[in-house]
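Single-letter residue listing:
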Amino acid sequence: MESRLAERPGQCSSGSTPGKAGGGQGKPVCKYGNQCYRKNPMHFQEYAHPDRDNKDTAEIEMQPPVTKKAKTESTSMPSTSASTSTSSDGTTAEIKPPASSPASGVSSPLFYLTKVRGIPDYYNNPNMATGIKDILSPSMGELVASAQFNYMFDIPWLMQQYPESKRNMPLLIVHGEQREGLIRLKTEAKPFPNIKLFQAKLEIMFGTHHSKMMLIAYKEGMRVVIHTANLIAKDWDQKTQGVWISPVFHQLTSAAASQTSAEGTGFKQDLLDYLQAYGGTALNEWKQRLKEHDLSSARVRLIASVPGAHTGANMHKWGHLKLRKVLLQHGPPSSSVDEHWPVVGQFSSIGSLGPSSQQWLSSEWLLSLSTNGRKEAGAAVTMRKYPNLQLVFPTVENVRNSLEGYMAGGSIPYALKTAQKQPYLNDYLCHWKADSTGRSRAAPHIKTYMRVSPDCSKLAWFLVTSANLSKAAWGALEKKGTQLKIRSYEIGVLYLPSDQLPTSRNSRIFICSEKCIVRRVY
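Residues numbered from 1 in each chain as written. Predicted model: local features only at pLDDT ≥ 70, side-chain atom pairs only at ≥ 80, totals over all residues. Heavy atoms only, no water.

*Asks:* What should I look at first to understand the environment of Ala 189 in this one?
*Replies:* Position of Ala 189 relative to the elements: it lies in helix H6 (residues 179-189). Between the C-alpha atoms of Ala 189 and Asp 154, which are 35 residues apart in sequence, the distance is 9.5 Å. Setting aside residues no more than four positions away along its own chain, Ala 189 makes contact with Ile 155, Ile 195 and Leu 197. (Helix = DSSP H or I, 4+ residues; strand = E, 2+ residues; numbered from the N terminus. Contact = heavy atoms within 4.5 Å.)

*Asks:* Any chance you could explain the confidence of the model for the chain here in plain terms?
*Replies:* Any region with low pLDDT has predicted coordinates that should not be read closely. Confidence along the chain averages 81 in pLDDT terms, with 73% of residues attaining 70 or more. Overall, residues 1-25 carries pLDDT values under 50, and its contacts beyond four positions in sequence, including any with other chains, amount to 123 contacts. Here residues 376-381 scores under 50 on pLDDT; set against residues more than four positions off or in separate chains, the count is 11 contacts. (pLDDT = per-residue confidence, 0-100.)

*Asks:* Could you clarify how one ought to interpret the sheet that holds strand S3 (residues 129-130) in this entry?
*Replies:* Adjacent strands of a sheet form backbone hydrogen bonds with each other and so pair up, either parallel or antiparallel. A sheet is described by the order of its strands in space; here eight strands give the open sequence S3-S2-S10-S8-S7-S4-S5-S6, paired in mixed fashion. If you trace the sheet from one side to the other, it starts and ends with S3 and strand S6 (195-199), each paired once. In this structure, strand S5 (residues 171-175) lies alongside S6, joined through five bridges in parallel fashion. Bridge pairing links Ile 173 to Leu 197 in S6. Contacts from helix H8 (residues 267-276) reach strand S4 (143-149), strand S7 (213-218), strand S8 (221-227) and strand S10 (242-245), with the element oriented near 110° to S7. (Pairing = 2+ DSSP bridges. Axes fitted to C-alpha atoms, helices over the stretch in contact; angles between N-to-C directions.)

*Asks:* What is the right way to look at the sheet that holds strand S12 (residues 308-311) in this model?
*Replies:* As summarised here, the arrangement of the three strands in space is S12-S20-S19, forming an open sheet in which the pairing is antiparallel. Two strands lie at the open edges of the sheet, namely S12 and strand S19 (476-478), each paired on one side alone. Neighbour to neighbour, the strand axes of the sheet diverge by 35° on average, direction disregarded. Bridging between S12 and strand S20 (residues 483-486) involves four bridges; their strand directions are antiparallel. Looking across to S20, one finds that Ala 309 is bridged to Lys 485.

*Asks:* How should the pairing of strand S14 (residues 389-392) be read in this particular structure?
*Replies:* For a regular strand, the rule is simple: side chains alternate between the two faces of the sheet. The side-chain alternation of S14 yields two buried faces, one formed by Leu 389 and Leu 391 and the other by Gln 390 and Val 392. With four bridges joining them, strand S13 (residues 343-346) and S14 adopt parallel strand pairing. Note on S14: the bridge partner recorded for Val 344 is Gln 390. Here S14 runs beside strand S15 (residues 429-430); their pairing, made up of two bridges, is parallel. Following the sheet pairing, Val 392 is matched in S15 by Cys 430. (Buried < 20%, exposed > 50% of the residue type's maximum accessible area, 1.4 Å probe, protein only.)

So, in structure tokens, the structure goes:
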């Protein structure tokens, strides 16, 4: 889910690898006594439970933590970890990370959470979590240049995240700062002659440059990283964030580079179109690099937004209409996914959505996210009924009990005046919970959207993106549906079952190995 997949209520996974019991001797007694509900074997290794130690503890303690693996019937889903959507009968799907950490030459698209300070090390292991220093590490490749696209920057802090030997390499910062913010950014960049600033055009009121992406060039190729964190210290410290890390894309031969390939997921052309939308010449070098590299190993689809009043064919290149188009052409068909499958959205900010849900949320936006693939015969599927919508957003208690305390609320904006104008939203809201990834207290800044089966045993698709729940991010139809108005830059990647491996082209759905209960609290 900007995604956190959870466990059944009453379960807590907070430990490491399973091991045999220690019999309880010499261990401190668990403070919860016979009320302890924890299942993780490491908890039983570290704390005594007198009422249980006389039972067959070996059987209890050898049980591994509850996890949910999402996979196609022929291939595993990329590494991920997400949060919890909670509904009356509730469920969620957790996508378990692969057994390898990000490294140069990885062959499949990976989804990681960022490392969180203050949680057990198990949940920060390299199979499921990464940090910005890890992403920029020499183990990922020998960096020769990079471009950072983001909403917020702390340049001195950012430079400290690069390996010391690479801090003089060319760095392009793509931002949307204006006025005082622009002056501050220029002042911060002044001590670093290798940094160039590029200001994204924001010509529509209330628009922002909200995309979060890294383009990294190596001697051996290049990599694309799409994530949800601002480039400031607190976003990489105690928050839940999502990161997609591409494989290393290798350089094409000169002959192949001169041809535009339509193979794969179309990721390369979509990314080139996105960079082209910025205009100017600052990104020409990076566009040329992309053209010269083979991006066919990117097994995700790019879902981006750029500011503008988009008409004609351009309407379906951006925002929620792009997602609608991709799901119609490549998503699971209605024979696999019906109206009983809820749409789950998880985000860290809510905009003004209109006085009624029918104005945007449960009409055009939900229609896009509930679109099914074409039937085998080629006809488009007509939906009889909109599916249930579940929206995961932190409660006051989530914020108060977070690792950061109330300070975490500064990164989870929802204006009181806006909330008072759209009380209908409470009917869809679900609380945040991420026990299975140890991040229930790590305030979510991640944004994820997905389509799950009623019992969460199956997952139709999964999107991680910078886009929050707002018209500015996703776009809103105007002029009797002939124009899509988008105010902000956003970028994300969509996982589809059929894209994961060439051998899975006939796969219809991701299969989750276990159920995950979720509860509605509003």
